[in-house]
Amino acid sequence: MSEKYKFDTMSLHSGHVPDKETGSRAVPIYQTTSYVFKDTDEAAALYNMEVGGHLYTRISNPTIATLEQRLASLDGGVSCVACSSGMAAMHLVVTAICSSGDHIVASNKMYGANINLLQHTMTRFGIETTFVNPNNLEEIEKAIKPNTKLVFGEVIGNPGLDVMNVPEVAKICNKKNVPLAIDATFNTPYLMKPITYGANILIHSLTKWIGGHGIAIGGAIINGGNFDWGNKEKFPTISGSHFALNGISFWEEFGPSALTAKIRAEGMYNFGPSLSPNNAFYILQGIETLSLRMKKHIENTKMMLKFLKENEAVSWLRHPDLEDHPDHKIAKKILPLGSGSIIVFGIKGGRDAGKAFIENVKLSSHLANVGDAKTLLIHPGSTTHSHLSSEAMKMSGLTDDMIRLSVGLEDIEDIKIDFEKGFKAAAKISSKRS
Amino acid sequence: MYKDFKGNKVYFSTGGLNLVNDKETLCFVHGAGQNHYSFTQQIRYFVSQGYNVVAPDFPGHGFSEGNQTTSIEEDMLWLAELLAFLKIEKATFIGHSQGCLTILELAEKKPELVMGLVFVAGAMSIPVNDFLIDTSINNPEKAYDLMVTWGQDSYGSFSISDWPGHNHLAEGNAIMKMNDPSVLSTDLKSCNLYENGKQAASTININCLAVLAKFDMMTPLKKGLQMVENIKQCDYKILECGHFLPIEKPKELNALIKNYLNS
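The next point concerns the pairing of strand β6 (residues 201–205) of chain A. Residue and element names in this part refer to chain A. With five of its five residues buried, β6 lies for the most part within the structure. Alternating residues of β6 divide into I201, I203 and S205 and L202 and H204, and every residue in both groups is buried. Bridge count between strand β5 (residues 180–183) and β6: three bridges; the pairing is parallel. Paired with D183 across the two strands is I203, which belongs to β6.

Further remarks concern helix α4 (residues 86–97) of chain A. All names here are of chain A. When the terminal C-alpha atoms of α4 are compared, their 17 Å separation across twelve residues agrees well with the 16 Å that a helix rising 1.5 Å per residue should span. Of all twelve residues that make up α4, ten are buried, and the element is covered over most of its length. G86, A88, A89, M90, L92, V93, V94, T95, A96 and I97 are the residues of α4 that are buried. Taking the backbone nitrogen of M87 as reference, a side-chain oxygen 3.4 Å away marks S85 as the first, capping residue of α4.

On to the pairing of strand β9 (residues 342–347) of chain A. Residue and element names in this part refer to chain A. With six of six residues buried, β9 is to be regarded as a mostly interior element. Judged by which residues are buried, β9 turns out to be covered on both faces: I342, V344 and G346 on one side and I343, F345 and I347 on the other are all buried. Sheet analysis places strand β8 (residues 314–318) next to β9, joined by four bridges and oriented antiparallel. From the neighbouring strand, W316 faces β9, where its bridge partner is G346. The pairing of β9 with strand β12 (residues 402–406) spans five bridges and is classified as antiparallel. Paired with I342 across the bridge in β12 is S406.

Across the contact, 47 residues belong to chain B and 43 residues belong to chain A. In total, about 3700 Å² of surface goes out of reach between chain B and chain A, with carbon and sulfur atoms giving 54% of it. The largest per-residue losses of area from chain B upon contact with chain A belong to B:R44, B:F158 and B:P164, which jointly make up 19% of the total buried on that side. Applying the counting criterion to the chain B and chain A interface returns two salt bridges. A:D41 is paired through a salt bridge with B:K258; the nearest N and O atoms lie 2.6 Å apart. Counting across the chain B and chain A interface gives 25 residue pairs in polar contact (both at pLDDT 80 or more). When residues of the side of chain B that touches chain A are traced back to their parent elements, those giving at least two are β2 (8–13), α1 (40–48), α5 (140–151), α6 (154–157), α7 (168–177) and α12 (250–262) of chain B. It is α1(B) that contributes the most residues to the side of chain B that touches chain A, six residues altogether. In terms of residue class, the side of chain B that touches chain A is built from 21 nonpolar, 19 polar and seven charged.

Scoring rules and cut-offs
Residues numbered from 1 in each chain as written. Chains lettered and ligands numbered in written order. Predicted model: local features only at pLDDT ≥ 70, side-chain atom pairs only at ≥ 80, totals over all residues. Heavy atoms only, no water. Buried < 20%, exposed > 50% of the residue type's maximum accessible area, 1.4 Å probe, protein only. Helix = DSSP H or I, 4+ residues; strand = E, 2+ residues; numbered from the N terminus. Pairing = 2+ DSSP bridges. Expected span 1.5 Å × (residues − 1). Polar contact = N/O pair within 3.5 Å; in protein donor to acceptor, adjacent residues only side chain to side chain. Contact = heavy atoms within 4.5 Å. Buried area = accessible area lost by both parts, 1.4 Å probe. Salt bridge = Lys/Arg side-chain N within 4 Å of Asp/Glu carboxyl O. Nonpolar A, V, L, I, M, F, W, Y, C, P; charged D, E, K, R; others polar.

Rendered as structure tokens:
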């Protein structure tokens, strides 16, 4: 009989039991490209995806499989494919499902690279995207066309922190027979499991809170196993005949895991965005403390929100846990433990004041990442989202004075002191102007 | 592969290939509340080994339409008619759980169809407790969860899988959710009603194989061993896993079936 372990236990144990030969308690790093076949029969079975196992690390690897199985169990998915980055994960999902002539409906408040991929790269391959307000249910439903193959959004938008009403969007997708793919990076399974709200596919950047230490880039696709891909005309890549493997239909042969089978057989095989076993190991170390870290992230975020709210240098403050956030009600419902540890705020004095602030903090690091154990800062308008047009930036809710803060695990009193130094420098710029 | 059979669209997996007349046929028979996905890691493996494979979704299960059968005897008749429809004169039958009852019944009533028998996590009778039957009627999803949890060994708890990235507890649930919600309770009642297993087992005159699970909580090992004792020539192996043996120990099961077929 199996036990249904709880989150903290799964974080430590899922996907691994002590190694039978060596007794290794930790997950071994299988730093190998390939695996010796027992015989030609086994080799053929592995190549043909008839049975499970490993043949080449571009496709799968035992250390990576442990990570995948841990992620699938934490999010309640039927299967998972880990890959080289969150963006690789998104690309794998889009290309597994969509072909030239297909259409996607996506949130217009997403991470800039997500928007870029859909707006600029995929259009070159004949895949069009209609961008919609993630919280305008009517707009989402209207945007879905007969050739729409995917609805895509983020639970918590980056960097605007809009919260998508996942349960309601999932209902629309279900009605329209379109899979709902959700980037769940900012919430992690600790704060919310979108599959339980009806989402079908999850994408994680493992680089962020899941890894948590800023030492390894990685991504993952988690398959909810709760979407019917049986319509061959609509989803030919999943339920139609595959170009290899004797022309099988992934849907008929793999059922709930059809999507991940397709991704492994085509995406990992033909594109090759594999995760390194070492990075899988690092990320696994992060997962072991995910709930501890997330609790502290949320605790520190609450204290920072109070601090920033009361600080005169701050012109505006945004976080879904604040009552004045437009999505506060939905955040409270679907993110009861907290809406993540990203805070965005404006500094009085605009762009130059923002620059002065960032250049005068010491503990808080100015860099292009979030979800690290350390407190991180960035000015999105000049960095992560600088490649977006003004119009696209405005649609994403960006302003010149906006600072994105990823609250870390330090003693928050030290971060407050650090911020005071930054605010002092910003105030000098601000007062010079006035 | 889909066919119109007895007025309904019926699905049976052939591993993606067409059936070929001169090949030996293996017929995989799924258990209660399951469908052909129970045998994902067997179907295409044995197709590659040179066999015709037929793994049907019984009516109302998986992709097959039609009214569900309500007894093991009906299951057996439906299966025999399907094989006749497919012009398959003889096959080796591999049953899992309830599927073992179906092939026991087939062995007694239609011995001319039977070339070989493999019983996977099976027994001569599968009494089901009232609690599980009631739960399957009133709250099917809870019943799926109970069955998947009871049905897998402790490795299920740890998401251990030969199949990279798979979480078998969730996948088992998803497979059962693909069926109509009434399917599980009807199947469990069929199992509960079936009483002819011992008689059927005693009539078998061919070499059989039973692959049993040491930690089986659905069809306990001792019941599987009783079945072995009642069949004249039944070799058996015990694997260290739970009831969902085809998923938990796919390679070991495949090797045992392969040896049996070659013997």
